[in-house]
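# Structural overview
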Amino acid sequence: MTAQIELTSAYYQKDWDTEIFHGAISFTIHSRELPRFRPFLESRRPSSTRSDGFIRDFWKQAFDCEFSNTVEGEGNICTGEEKLESLPGPFFEMSMTGHSYSVYNAVYAVAHALHAMSSSRLKQRAMVDGRELKLQIQQLWQLHYFLRGISFNNSAGDKVSFTPNGELVAGFDIINWVVSSNQSFHRVKVGRMDPQAPPGQAFTIHEDAITWHRWFNKVQPLSVCSESCYPGSRKIMKEGEPFCCYDCTPCPKGKISRERDMNDCDKCPDENYPNKKQDFCIPKVVTFLSYEEPLGLSLACNAVSFSLITFLVLGIFMKNHNTPIVKANNRSLSYALLTSLLLSFLSALLFIGPPERMTCLLRQTVFGIIFSVAISCVLAKTITVVLAFMATKPGSGMRKWLGERLATSIVLSCSLLQAGICTVWLATSAPFPDTDRHSVMEEIVLECNEGSVTMFYCVLGFMSFLAIVSFTVAFLARKLPDSFNEAKFITFSMLVFCSVWLSFVPTYLSAKGKYMVAVEIFSILASSAGLLGCIFSPKCYIIVLRPQLNKREQLIRRKD
């Protein structure tokens, strides 16, 4: 029911069936019980004088009686002692209604305004012959000025005041009508609409205090054309529909909503991430590739294992230093290549553990320089093979290029060029420890920021250039006679090397967090293992298992 509906005191209302009102919800003009209002009603009695004719007429109508001095014939006689509280509720209420409460406040408001006007500065006194004359009568329209500015608390404790536009600051009560078995009813206040309440509290209702109709045993009706959007979702208004009609859609990735019917979702702080239901934020876990986790431990074990294998191969070569298989294709280059491979395996350990300033500076630069030394050694070996074959031809002038000087020049020039690139990198935009809060939703990743991504790819690009040149030369020399045929092993090793690093770039770019570091470590280990296995495993097989082939006459035997 709306606030305009009020039960009037009509005679026929005494016999109303009030059951139809049981459980009804209505808006009513705000009212409160005044301290002395009910005793005042209970003390009302019809006056024996005709000057109080309104009460006498009401009394006769309410109690269906006649006073003794007016009754003719048979009928009920009004004693004047009848109880107003005995009347049915639809006919007469003992509590103050909203309209009566407004009248009460209006009377007091005008009284306060009149008092303020009478005591204002406009009050003038005129003295004639030493006598005080009557106050100057003020115009009635001046009362409005004082009425707009009044503010007081009535006897019920409510504040009565007006807005700057002259509107009464009031609200509505939400009333639940409860009918008893004897047809009496009670108005139970279950909520309030208060324009002066803080934001979000203008409308309050206590659902548990509501008494519904006896036959009402279903779900409470909705006042909107859509169900509520639960936490973790937000409202999307339907175009062309009323404001209460909307669809619910889950919050976007990375956002949450903690309450129902949210118009928008909130983003979690960088240190938190949404839960699966997207209704609250969870603190992120700080992670990095460590030795304590299986991935880091397995990579570290592989790095150490390959380092031990490389050291073992280096020991085998040094023990058989003067054998023909070690002397072939420049044993100094073999030692340099094995040493660089040993260091490359160990350099992978720099990528495991918490990022620190020194490790961030050394990671990529040490890796780049060591790999450049290794690939330049392979390139020098390949060129040595080609020149050695060409020097055997009659009248060839290539014999003067053979020797340690050419190989050393190739290794030093390539290594120094890569060292120069790394130096420029460190001088301009060196790597530094950093945190990544966005790549992985549930984690804060501790990482080494490369500083300059361009310089990082310049280091990789130079290594790729050396690898491609070495692979091309070795591929062209793969069919040389057996006497000098190390080129086919180099070809296969560089094929493995290039395959690993070609797959590294897309894999590295698609990985996130600590898995980016794991991809780079795997590429270092795989490419180094490829060089070690393809180039040195055939020689170690001959040295250890087939020593009878490690003779000069076997090496100079040409292919049939």
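Residues numbered from 1 in each chain as written. Predicted model: local features only at pLDDT ≥ 70, side-chain atom pairs only at ≥ 80, totals over all residues. Heavy atoms only, no water.

## Section: the overall build of the protein
Formally: Only DSSP runs of H or I with at least four residues qualify as helices, and only runs of E with at least two residues qualify as strands; both kinds are numbered from the N terminus onward. Burial here depends on accessible area, computed with a 1.4 Å probe over protein chains only, as a share of the maximum for the residue type. Under 20% is buried, over 50% is exposed, and the range in between is partly exposed. By definition, residues are in contact when any of their heavy atoms lie within 4.5 Å. In these tables, accessible area is a Shrake-Rupley quantity obtained with a 1.4 Å probe, and a residue counts as shielded only by the protein chains included in the view.
Helices and strands together make up the secondary structure of the protein, namely 13 helices and 17 strands. Expressed as a percentage of the 560 residues in the protein, the buried residues total 39%. Partitioning the contacts of the protein with sequence separation of at least 6, the portion at a separation of at least 24 is 63%. Total accessible area on the protein stands at roughly 32,800 Å², and carbon and sulfur atoms take up 60% of it.

## Some details on the packing of helix H5 (residues 294-319) against helix H12 (residues 514-545)
How we decide: Axis geometry follows a simple rule: fit a line to the C-alpha atoms, using only the stretch in contact for helices, then measure angles between N-to-C directions, giving values from 0 to 180 degrees. Oblique is the label for any angle not covered by the other classes, which are roughly parallel (under 35 degrees), roughly antiparallel (over 145) and roughly perpendicular (65 to 115). Note on convention: near helix rotated counterclockwise from far helix by under a right angle means a left-handed crossing. Clockwise means right-handed. In this classification, the charged set is Asp, Glu, Lys and Arg, the nonpolar set is Ala, Val, Leu, Ile, Met, Phe, Trp, Tyr, Cys and Pro, and all remaining amino acids, among them Gly, are polar.
Packing of H5 against H12 leaves a shortest axis separation of 10 Å and a crossing angle of 25°. Taken together, the axes of H5 and H12 lie roughly parallel to each other. Regarding H5 and H12, the two cross each other, and that crossing is left-handed. Residues Leu295, Leu299, Asn302, Ala303, Phe306, Ile309, Thr310, Val313, Ile316 and Phe317 of H5 touch H12, and the partners they reach there are Tyr515, Ala518, Ile521, Leu525, Ala529, Leu532, Phe536, Lys539, Cys540, Ile543 and Val544. Looking at the contact of H5 with H12 residue by residue, the class counts come to 18 nonpolar, two polar and one charged.

## Observations regarding the sheet that holds strand S15 (residues 285-287)
The following threshold applies: Should DSSP find at least two bridges between two strands, the strands are regarded as paired.
One open sheet holds the three strands; their spatial order is S15-S17-S16, and the pairing between them is mixed. Each having just a single partner strand, S15 and strand S16 (432-436) make up the two edges of the open sheet. Strand after strand, the sheet turns through a mean of 25° between neighbouring axes, direction not considered. Two elements, S15 and strand S17 (residues 443-449), share three bridges in a ladder whose sense is parallel. Each residue of the ladder has a partner; that of Thr287, found in S17, is Val445.

## A look at the packing of aromatic side chains
What counts here: The rule is short: rings of Phe, Tyr and Trp, with Trp giving its six-membered ring, pair when the centres are within 6.5 Å, and they are stacked under 30 degrees, edge-to-face over 60, tilted in between.
Taken as a whole and judged by the stated rule, the model has 16 aromatic pairs. With 5.2 Å between their ring centres and 85° between their planes, Tyr145 and Phe146 make a pair best called edge-to-face. Seen from their ring centres, Trp425 and Phe456 are 6.3 Å apart, and the 55° between their planes marks the pair as tilted. Of this pair, Trp425 sits in helix H9 (residues 404-429) while Phe456 is found in helix H10 (residues 453-476), placing the two residues 31 residues apart along the sequence. Comparing Trp425 with Phe456 shows no difference in burial state: the two are buried. Three or more aromatic residues joined by ring pairs make a cluster, and in this case those are Phe367, Phe371, Trp425, Phe456, Tyr457, Phe497, Trp501, Phe504 and Tyr508.

## Some words on the sheet that holds strand S7 (residues 185-193)
An order of S1-S6-S7-S8 is seen for the four strands of this open sheet, with the pairing classed as antiparallel. Looking at strand neighbours, the two that pair on one side only are strand S1 (25-29) and strand S8 (203-205), the edges of this open sheet. Each strand axis lies, on average, 40° off the axis of its neighbour in the sheet, ignoring direction. Looking at chain direction, S7 and S8 are connected through three bridges and run antiparallel. In the sheet register, Arg192 faces S8, and the bridge partner there is Thr204.

## Structural notes on the nonpolar core
To be explicit about the condition: Side-chain atoms within 4.5 Å link the members of a nonpolar core, which is a set of buried Ala, Val, Leu, Ile, Met, Phe, Trp, Tyr and Cys residues.
With 64 residues, the main nonpolar core has Phe317, Ile521 and Phe536 as its most contacted residues. If you tally residues by element for this core, the top one is H12, at 13 residues. Membership of the second largest hydrophobic core comes to 20 residues, among which are Leu34, Ile55, Phe63 and Tyr104.

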